[in-house]
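Listed below, chain by chain, are the residues.
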Amino acid sequence: MEAISTVWKLLVATDHRIRFDSLVNSALGFLSAVSEKDRYMDMFNQPNVLEAICRDVIIKNLMLRREDLEQFQDEPFDYLKRD
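Described in the following lines is the structure provided in the data block. (Residues numbered from 1 in each chain as written. Predicted model: local features only at pLDDT ≥ 70, side-chain atom pairs only at ≥ 80, totals over all residues. Heavy atoms only, no water.)

### Points about helix α4 (residues 47–58)
Owing to its 3.6 residues per turn, the α-helix aligns residues three or four sequence positions apart on the same side.
No. 1: For α4, built from 12 residues, the straight-helix expectation of 16 Å at 1.5 Å per residue is met to within 8% by its first-to-last C-alpha distance of 17 Å.
No. 2: The set of residues buried in α4 consists of V49, A52, I53 and V57. Buried residues along α4 cover an arc of 105° about the axis, so they all sit on one side. Seen from the buried face of α4, the exposed residues on the opposite side, beyond 90 degrees, are P47, N48, L50 and E51.
No. 3: Packing partners of the buried residues in α4 comprise α1 (2–13), α2 (21–35) and α3 (38–44). (Helix = DSSP H or I, 4+ residues; strand = E, 2+ residues; numbered from the N terminus. Expected span 1.5 Å × (residues − 1). Buried < 20%, exposed > 50% of the residue type's maximum accessible area, 1.4 Å probe, protein only. Arc of directions from axis to C-beta. Contact = heavy atoms within 4.5 Å.)

Structure (structure tokens):
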């Protein structure tokens, strides 16, 4: 439980800078894998959990950065692979 809490706090504390992209992806993958385990399922079935993930992680990271636009203009196929 403590590892889940630590990953969650780290995920919420990150911002939208490009250097955190792999961290956010890995943290979401970890939380996704953990949420499928029977003993942790109740933790993720709370009504406010999905709302918190959307508000604190997904919406915060939805913005296009200048780097994203530049890469899309310069190398659109590489941008799509990365996305």
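Still more to cover.
### A look at the layout of surface pockets
No. 1: Considered as a void within the structure, the second largest pocket measures approximately 160 Å³ in volume.
No. 2: The wall of the second largest pocket is formed by M1, I4, S5, W8, M43, F44, V49, A52 and I53.
No. 3: Elements with a minimum of two residues in the lining of the second largest pocket: α1, α3 and α4.
No. 4: The class makeup of the residues in the lining of the second largest pocket is eight nonpolar, one polar and no charged. (1 Å grid on protein atoms, 1.4 Å probe; cavity = no way out; pocket = protein on both sides within 12 Å on 5 of 7 lines; lining within 4 Å. Points joined across faces, edges and corners; volume = space filled by probe spheres on them. Nonpolar A, V, L, I, M, F, W, Y, C, P; charged D, E, K, R; others polar.)

So, to be careful, I would describe these as geometric facts and stop short of saying anything about function.
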